[in-house]
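Structural characterization, general
Listed below are the residues making up each chain.
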Amino acid sequence: MFDNFTPLLFIDSLIIMGYKFATKAIHAGQHADPTTGAVMTPIYQTSTYRQAAPGDHKGYEYSRGTNPTRKALEDCLAALENGRHGLAFSSGMAATEAVLKLLAPGDEVITGDDLYGGSYRMFTKVYERYGVKFHFVDTSDPLQIQEKITAQTRLIWIETPTNPTLKLADIAAIGQLAKAAGVLFAVDNTFASPYLQNPLDLGADIVMHSVTKYIGGHSDVVMGALVVNDKVLYDKLFFYYNACGGTPGPQDSFLVLRGIKTLHLRMQSHCENGRQVAKYLRTHPRIAKIYWPGFEDHPGHAVAKRQMRDFGGMVSIVLKDASLADTFAVASSFKVFTLAESLGGVESLINHPATMTHGSIPKEVRERVGVVDNLIRISVGIEDIDDLLADLEGALK
Ligand SMILES: *Cc1c(COP(=O)(O)O)cnc(C)c1O
């Protein structure tokens, strides 16, 4: 039906003509293959492309920089975030690093105090060595960001909801601060997914995803992505993407294109199961504290309602009077939930942040933001809710 559009026009047409999320998830960036009519985007398993004469090619020269399967995915990701340009990377960290490469020694970054552990590690262990200064603040309070803005500030980098304590940051409010100060504003949108939240619409300049999580959705691919609107910014990021080479191959790009086709259905199910798990655990006698932004008394509830379509599938709990050994015992006793790092796949996962995903953050730093030894993070999958609740009940006995 859309065969006559080039990829870029195709994205624009989807935005301009107002196609909704599910339609974009299934069609954006994808065309019946011109040579065979194949409905699914082929896996262009090639590193290089024939040129008719030197420099005379069809837009593809070498697959580190451009590959048609990856290009289809990038156009699809851009459309899902209501952006113009997508870039896929070999991991979420590679995508994050491409943004940091925009910085120079002496530049300052304002970021959250409750970050993904790997982002914290890259900021402090890699980029501080290159002379970039990071300020870690509570991004649920825009004033704390405002206070750290100086003439050297180049980037504000936030996550919302945060990992693992699910704090909310007001994207529109921070976007206004960033714009007034002339500072780039990037949002790690991994926890929400593009189905629940679109930061570019709210004033962000860059959206980053660990595609490994909800977007891929099947725990079979590690990948990252950036989406931007500004062509100058895109060109700079594309330069680092091609120059430094952290780009994904065509097979993984295909798997993610396939995963995206059900993103909206999966997210609806993650949110519904997440809601039921949160409600069940809230009154459980062995739970001291629960984090889920859908509760009206969650401090970020109003912001979540305003900027998210639903509250997501992540729930974190603090066990009551539980030692590290007690917490390990609970975390190891599930039958349906799997004890593993990561999140956002169809299967439910249990994670112990203090030893697993956040193990690279010093104990005093993580405990200050609530990542205590008896905290367990749950990525609620899309299995039958009765089985999930029964498994939780059994493990908490
Ligand atoms: C997993 C994750 C990352 C890193 O992504 P990888 O694909 O593992 O490199 C970054 N941010 C958040 C919020 C994540 O959950």
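Residues numbered from 1 in each chain as written. Predicted model: local features only at pLDDT ≥ 70, side-chain atom pairs only at ≥ 80, totals over all residues. Heavy atoms only, no water.

If you check an unreviewed UniProt entry, the chain appears there as Cystathionine beta-lyase from Parapedobacter luteus. Note on the chain: under the UniProt heading Sequence similarities (unreviewed entry), the record states "Belongs to the trans-sulfuration enzymes family." Under Cofactor (unreviewed entry), UniProt gives the following word-for-word description of the chain: "pyridoxal 5'-phosphate". (UniProt positions renumbered as here; feature names shortened; annotations may be inferred.)

Looking at the site of the ligand
Around the ligand, the structure places 14 residues, and the nearest of them are Gly-92, Asp-188, Ser-210, Thr-212 and Lys-213. Between Gly-92 and the ligand, the recorded distance is 2.9 Å, taken from a backbone N or O atom to an oxygen atom. One nitrogen or oxygen atom from the side chain of Ser-210 is found 2.8 Å from an oxygen atom belonging to the ligand. Burial of the ligand by the protein chains amounts to 92% of its free accessible area of 380 Å². Of all elements in the fold, only helix H4 (92-100) and strand E6 (206-210) reach the threshold of two or more residues within the shell around the ligand. The class makeup of the residues in the shell around the ligand is six nonpolar, five polar and three charged. (Near = heavy atom within 4 Å. Polar contact = N/O pair within 3.5 Å; in protein donor to acceptor, adjacent residues only side chain to side chain. Areas by Shrake-Rupley, 256 points an atom, 1.4 Å probe, with all protein chains shown as cover. Helix = DSSP H or I, 4+ residues; strand = E, 2+ residues; numbered from the N terminus. Nonpolar A, V, L, I, M, F, W, Y, C, P; charged D, E, K, R; others polar.)

Some words on the sheet that holds strand E7 (residues 224-228)
Within the open sheet, the seven strands sit side by side as E1-E7-E6-E5-E4-E2-E3. Their pairing is mixed. Looking at the sheet topology across the chains shown, the edges are occupied by strand E1 (85-89) and strand E3 (133-137). Taken pair by pair, the neighbouring strands of this sheet meet at an average axis angle of 20°, ignoring direction. With five bridges connecting them, E1 and E7 associate as antiparallel partners. Within E7, the position partnered with Ala-88 by the bridge is Ala-225. Packing against the sheet, helix H7 (residues 171-181) makes contact with strand E4 (153-159) and strand E5 (184-188), and its axis sits at approximately 155° to E5. Sitting on the sheet, helix H9 (residues 231-244) is in contact with E1, E5, E6 and E7, with an inclination near 20° to E1. (Pairing = 2+ DSSP bridges. Axes fitted to C-alpha atoms, helices over the stretch in contact; angles between N-to-C directions. Contact = heavy atoms within 4.5 Å.)

Observations concerning the domain arrangement of the chain
Domain annotation for the chain reports domain 1 (8-260) and domain 2 (263-396). Computed over C-alpha atoms, the centres of domain 1 and domain 2 are 26 Å apart. For the pair domain 1 and domain 2, the summed buried area comes to about 3,300 Å², and 63% of that belongs to carbon and sulfur atoms. Where domain 1 touches domain 2, the interface holds one salt bridge. Note that Arg-306 and Asp-170 form a salt bridge whose closest N and O atoms lie 2.7 Å from each other. For the interface between domain 1 and domain 2, the tally reads 16 residue pairs in polar contact (both at pLDDT 80 or more). Elements supplying a minimum of two residues to the side of domain 1 that touches domain 2: helix H2 (21-27), helix H5 (117-127), H7, helix H8 (193-196) and helix H10 (250-260). For the side of domain 1 that touches domain 2, a count of residues per class yields 23 nonpolar, 12 polar and five charged. (Domains from an automatic or database assignment. Buried area = accessible area lost by both parts, 1.4 Å probe. Salt bridge = Lys/Arg side-chain N within 4 Å of Asp/Glu carboxyl O.)

Here's the deal with helix H13 (residues 324-331)
All buried positions along H13 are accounted for by Thr-327, Val-330 and Ala-331. All buried residues of H13 project into a common sector of 95° when viewed along the axis, lining one side. Among the structural elements, strand E9 (314-319), strand E10 (338-339), strand E11 (349-351), strand E12 (375-379) and helix H15 (385-396) are those in contact with the buried residues of H13. (Buried < 20%, exposed > 50% of the residue type's maximum accessible area, 1.4 Å probe, protein only. Arc of directions from axis to C-beta.)

Some remarks on the nonpolar core
General note: in soluble globular proteins, nonpolar side chains tend to be found buried as a group. In this structure, Ile-260, Leu-281 and Ile-378 are the most contacted members of the largest nonpolar core, which totals 66 residues. By residue number, the principal contributor to this core is helix H3 (residues 68-80), which donates seven residues. When residues of this core are assigned to domains, at least three map to each of domain 1 (8-260) and domain 2 (263-396). If sequence neighbours within four positions are ignored, Ile-378 has contacts with Leu-281, Gly-313, Met-314, Val-315, Ile-317, Phe-337, Leu-349, Ile-350 and Leu-392. (Core = buried A, V, L, I, M, F, W, Y, C linked by side-chain atoms within 4.5 Å.)

Comments concerning the packing of aromatic side chains
Inspection of the entire model under this criterion finds 14 aromatic pairs. Consider the rings of Trp-292 and Phe-311, whose centres lie 5.7 Å apart with planes at 75°: the pair is edge-to-face. Here Phe-311 lies in the loop between helix H12 (301-307) and E9 and Trp-292 lies in the loop between strand E8 (287-291) and H12, a separation of 19 residues in the sequence. Each member of the pair Trp-292 and Phe-311 is classed as buried. Joined through ring pairs, the aromatic side chains of Tyr-120, Phe-123, Phe-134, Phe-136 and Trp-157 make up one cluster. Sitting over the ring of Phe-295, Arg-282 keeps its end group 4.2 Å from the ring centre. Sitting over the face of the ring of Tyr-195, Arg-309 holds its NZ or CZ atom 4.4 Å from the ring centroid. (Phe/Tyr/Trp six-rings, centres within 6.5 Å; stacked < 30°, edge-to-face > 60°. Lys NZ or Arg CZ within 6 Å of the ring centre and 35° of its normal.)

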